[in-house]
Amino acid sequence: MLVNDLAHEMVAVKGYNAGIELAGKVADFATRELLEKILKDEDGHVDGIEEMQDQIGHMTLPLFLTTQL
Ligand SMILES: [Fe+2]
């Protein structure tokens, strides 16, 4: 589940980065600022998933799941 979630988050990050680049090229700075805020959230999602994967790697899945109750 986390692998798939991370893959989709990375697609979102790539899309928002492309949108930010385009908004900058057409001087739509309001949209660019909005997309940058959303991208920051998406980056946080990526970090959260990677942190959970790291924890699972250290403590094994069954023990990790006991921390999620
Ligand atoms: Fe996300």
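For the structure, see preceding data.
The rules behind the values
Residues numbered from 1 in each chain as written. Predicted model: local features only at pLDDT ≥ 70, side-chain atom pairs only at ≥ 80, totals over all residues. Heavy atoms only, no water. Patch = residues over 30% accessible without salt bridge, like charges linked within 9 Å, V, L, I, M, F, W, Y side chains within 5 Å. Areas by Shrake-Rupley, 256 points an atom, 1.4 Å probe, with all protein chains shown as cover. Salt bridge = Lys/Arg side-chain N within 4 Å of Asp/Glu carboxyl O. Lys, Arg positive; Asp, Glu negative; His and termini not counted. Charge placed at Lys NZ, Arg CZ, Asp CG, Glu CD. Helix = DSSP H or I, 4+ residues; strand = E, 2+ residues; numbered from the N terminus. Buried < 20%, exposed > 50% of the residue type's maximum accessible area, 1.4 Å probe, protein only. Donors = N, O, S within 2.8 Å, 3.2 Å for Na, K, Ca; no water. Tetrahedral: all angles 85-135°; square planar, octahedral: opposite > 155°, others 65-115°. Core = buried A, V, L, I, M, F, W, Y, C linked by side-chain atoms within 4.5 Å. Contact = heavy atoms within 4.5 Å.

Caption draft 1: Layout of a negative patch on the surface. A cluster of acidic residues, D43, D47, E50, E51 and D54, forms a negative patch on the protein surface. Mapped onto the elements of the fold, D43 is located in helix α2 (residues 29-59). For D43, a relative accessible area of 34% puts it in the partly exposed group.

Caption draft 2: Layout of the coordination of the iron ion. Coordination sphere of the iron ion, protein contribution only: E9 (OE), E9 (OE), E42 (OE) and H45 (ND1), at 2.1 to 2.5 Å. One can describe the site at the iron ion as irregular: its four donor atoms subtend angles covering 55 to 126° at the metal. Overall, the relative accessible area of 13% leaves E42 in the buried class.

Caption draft 3: Representation of the nonpolar core. L2, L6, V13, I20, L35, L39, V46, I49, I56 and F64 together form the largest nonpolar core, which totals ten residues. Contributions of two or more residues to this core are made by α1 (2-25) and α2. Take this core: its biggest share by element is five residues, from α2. The residues contacting F64, other than those within four sequence positions of it, are M52, Q55, I56 and M59.

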